[in-house]
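Examining the three-dimensional arrangement
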Amino acid sequence: MARMTGRRALFAVPVVLVVTFGVFAIAAVSPFDPVKAYAGSAALGADQETLDRLRANLGVDQSVVARWWHWLTSALGGDFGHSTVMRQPVTQVIGERLVWSALLCAVAFAAAVVAGVVLGVLAARRPGSLTDRVVTSLAYSLEAAPVFWTALLAVWLFALHWGVLPAGGLTDTGSELVSAGQVASHLVLPAGVLAVSQLPWFTLYVRQGVTDALAEDPVRGARARGIGEGTVLFGHALRSGLLPVLTLIGSRVPELITGALLVESVFSWPGIAAATVEAATAVDFPLLAALTTLATAAVLAGNLLADLLYGLFDPRVNLRDM
């Protein structure tokens, strides 16, 4: 396990280098001017000499390679630079928002996995039954629904029409304290919408995996020996049927991050979504590079976690060969 983790860590180094350089290269050809975004309305009346001096102070007058190398060497020392759009150190910008994005993603992902396993098992018990057809149809329908559309529908139904849940934000309007109860109530809708966007994949994977496992000879033999249906389903079929879900965990991380950005924007959740949008439109090189590195690390960590779980739970897989 340690050897595989070390190999993956070494593989992640060139990936992060390429990704971060790509951020600087794409931002350099962007039509947005970081100097004008930083100066705001004051740039309209400024002369060219002032703009050039500001460009030099921000470091955007250098080449793409020079800007990237300066950011990389500073980041290796723990200094990710200063966000020009947020007017704060990059570490502070991310630190204030990352915990809320992580909370949203963790709750949504856990809910999607649990609900997906339950629905998948219910559908796989009797393939072709009414329950199976309803669950499968619902999964395909939700899979085709854009996450922002689901979010807007949830706001209209639960917040505006029924008035049972808050429409957005982290706390109640006018509240000066961030309490656990307020955060929990405001988390229900965004986490539920994000979980629904991931639910179809886990449901369909579990359904197919358990259905295939129930048709295998060891499961048939267990039934023939008179073992109870519950033991057969949860002790044999479900354990084998969950193996494909482990590989799905890593592959869903990129879409989970993308969906979280959209959900945070709709529900005004104080995560990294707003910072990402502002950094992109203002061509904030340090913040863009840091956020991209963070997303890349999350994807690589998700893939590593999926491989580790698969190797731990499947006796046929040898971690030394991975």
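Quick summary incoming for the structure in this document. These numbers were taken from a predicted model, which means no experiment stands behind them.

Okay, helix α4 (residues 64–76) next. Between its terminal C-alpha atoms α4 stretches 18 Å, which fits the 18 Å expected from 13 residues at 1.5 Å a residue. Burial in α4 covers these residues: Arg67, Trp68, Trp71, Leu72 and Ala75. Take α4 and look down its axis: the buried residues cluster within an arc of 125 degrees, on one side only. Turned more than 90 degrees away from the buried face of α4, the exposed residues are Trp69, His70 and Leu76. One or two steps after α4, the chain reaches Gly78, where phi turns positive at roughly 95 degrees.

With that out of the way, let us pick up empty space enclosed by the protein. Empty pockets left among the atoms are what a rolling probe the size of a water molecule brings to light. The full count for this structure, using the stated rule, is one cavity of 30 Å³ or more. What the largest cavity holds in volume is close to 40 Å³. Lining the largest cavity are Leu142, Ala145, Pro146, Val147, Thr150, Val193, Val196 and Ser197. Listing elements by their share of the lining of the largest cavity, those giving two or more residues are α7 (147–161) and α8 (180–214). Residues of the lining of the largest cavity, tallied by class, amount to six nonpolar, two polar and no charged.

The way to describe two aromatic rings as a pair is by their centre distance and the angle between their planes. Taken as a whole and assessed by the stated rule, the structure comprises seven aromatic pairs. With a centroid separation of 6.4 Å and 90 degrees between ring planes, the pair formed by Trp100 and Trp269 is classed as edge-to-face. Here the residue Trp100 occupies a position in helix α5 (residues 90–125), and Trp269 occupies one in the loop between α11 (243–267) and α12 (273–281), the gap between them amounting to 169 residues. Linked through ring pairs, Phe21, Trp68 and Trp69 together constitute an aromatic cluster.

Rules and cut-offs
Residues numbered from 1 in each chain as written. Predicted model: local features only at pLDDT ≥ 70, side-chain atom pairs only at ≥ 80, totals over all residues. Heavy atoms only, no water. Helix = DSSP H or I, 4+ residues; strand = E, 2+ residues; numbered from the N terminus. Expected span 1.5 Å × (residues − 1). Buried < 20%, exposed > 50% of the residue type's maximum accessible area, 1.4 Å probe, protein only. Arc of directions from axis to C-beta. 1 Å grid on protein atoms, 1.4 Å probe; cavity = no way out; pocket = protein on both sides within 12 Å on 5 of 7 lines; lining within 4 Å. Points joined across faces, edges and corners; volume = space filled by probe spheres on them. Nonpolar A, V, L, I, M, F, W, Y, C, P; charged D, E, K, R; others polar. Phe/Tyr/Trp six-rings, centres within 6.5 Å; stacked < 30°, edge-to-face > 60°.

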